[in-house]
Amino acid sequence: MSFSLESTAKEIPKDIILYGGTGQSKVVKPIIEFYGSKVIAVFDDTVGLEPPFEDVDFFNGYDALLEWKEKVDIEKVGFSITIGNPHGSVRLRLHKKLTQLGLVPATIIHPDSVIATNCEIGSGSQVMAGAIIMPEARVGKQCIVNTKASIDHECVIDDGCEIAPGATLCGCVRMKRNSWVCAGATVLPRVTIGENSVVGAGAVVINDVVDDSTVVGVPANRYLE
Ligand SMILES: CC(C)(COP(=O)(O)OP(=O)(O)OC[C@H]1O[C@@H](n2cnc3c(N)ncnc32)[C@H](O)[C@@H]1OP(=O)(O)O)[C@@H](O)C(=O)NCCC(=O)NCCS
C-alpha cells in the first residue's frame, strides 16, 4: 500500500483569495504559502470583522468581491472558502457562485497529512495538519478534514461535511451532505450520519444518526432539541 501527497494535492493556483476571515483563514494561509502560492485578498460577510492579516487586503461582503474582480485578471485566480462548520451549505453555495464568476477552486492539503493514493478528495476541500485518510475513502466537495482527524478505509463523506479536530471515523462510515462530526468524537464502523446532522464533541456513535439532528453522549443516544 502506498501513500503520497503528490497524488492527492492538486496544483493550486499562484494567486488565491480566501472567502472567510476568521480562524480557518489563519490555518489555510500558511498551507497556501508552503506551496509557493499567495493569498491576494480576503473577503468576509461579517460587518465590523477585523482584518485577519496585516499583509493582505480585506474586504467586506460579496458585493465587494464583485467590485474587486473588475480590477483584477481573475482568470487564473483561485479561491478557498475558509468558513468552518456548521456552514457546509454556505461553503457549497459560495463554491458554485465563485466558480461561475470564473475563479478556480483550490483544494488545500496540508503537507503533513497522510492520504492513501487511492482516495478521492473533492474540489475545494481542505485537509489539515496530521489528518489521516485511509484507502478507498471518498471525500466530497468543500469538506474540511480538520487537524488530526482520521477517516478510515472506504468511508464516504458527502459534499460540505466537516470532521473536526481529533475526530475518528472508523471504516466504511458514511457522512451525508453538510453533516458535522465535532472534536474528538468517534464514529464506529459502517454507521451513517444523516444529512445536516451534528455529532457532539467527544461522542461515541454506535447507531445511525437521523437527518437534521444533533446527538451527544457516550454512547451517543441523546438527541438535542
Ligand atoms: C453538540 C454541540 C454543537 C451542541 O451545541 P448546542 O446545541 O449549543 O448545545 P448546548 O450547549 O445548548 O447544550 C445542550 C445540552 O447538551 C449538552 N451537551 C452539549 N454538547 C455536548 C457534548 N458534546 N457532549 C455531551 N453533552 C453535551 C449540554 O450539557 C446541555 O445539557 P443540559 O440540557 O443537560 O444542560 C456542541 O455542544 C459541541 O459539541 N460543539 C463542539 C464544537 C466543535 O467540535 N468545534 C470544533 C471546531 S473546529
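Residues numbered from 1 in each chain as written. Predicted model: local features only at pLDDT ≥ 70, side-chain atom pairs only at ≥ 80, totals over all residues. Heavy atoms only, no water.

A. Broad picture of the overall build of the protein chain. When helices and strands are tallied, the protein chain shows three helices and 24 strands. A globule of 225 residues ought to have a C-alpha radius of gyration of about 17 Å, and the protein chain, at 17 Å, matches this closely. Along the three orthogonal principal directions, the C-alpha set of the protein chain runs to about 55 × 45 × 30 Å. Sorting the 225 residues of the protein chain into buried and exposed places 48% on the buried side. Put simply, 31% of the contacts in the protein chain that link residues at least 6 apart link residues at least 24 apart. Surface summary for the protein chain: the accessible area is close to 10400 Å², and the carbon and sulfur share equals 51%. (Helix = DSSP H or I, 4+ residues; strand = E, 2+ residues; numbered from the N terminus. Rg over C-alpha atoms; globule rule 2.2 N^0.38 Å. Buried < 20%, exposed > 50% of the residue type's maximum accessible area, 1.4 Å probe, protein only. Contact = heavy atoms within 4.5 Å. Areas by Shrake-Rupley, 256 points an atom, 1.4 Å probe, with all protein chains shown as cover.)

B. Representation of the side chain of Thr-82 within the structure. Within the secondary structure, Thr-82 sits in the loop between β4 (78-81) and α3 (88-101). Residue class for Thr-82 comes out buried when judged on its relative accessible area of 0%.

C. Spatial organisation of the nonpolar core. Counting 33 residues, the largest nonpolar core has Ile-133, Ile-151, Ile-157 and Leu-169 as its most contacted members. Here Ile-133 is in contact with Val-114, Ile-115, Ala-116, Cys-119, Ile-121, Val-127, Val-139, Val-145 and Ile-151, once residues within four sequence places are set aside. Among the nonpolar cores identified, the runner-up in size contains 15 residues, and Tyr-19, Phe-79, Leu-98 and Leu-103 belong to it. (Core = buried A, V, L, I, M, F, W, Y, C linked by side-chain atoms within 4.5 Å.)

D. Local environment of the sheet that holds strand β10 (residues 132-133). Spatial strand order, β7-β10-β13-β16-β19-β22: six strands in an open sheet with parallel pairing. Taken across any chain shown, the strands that pair with only one partner, and hence form the sheet edges, are β7 (114-115) and β22 (204-205). (Pairing = 2+ DSSP bridges.)

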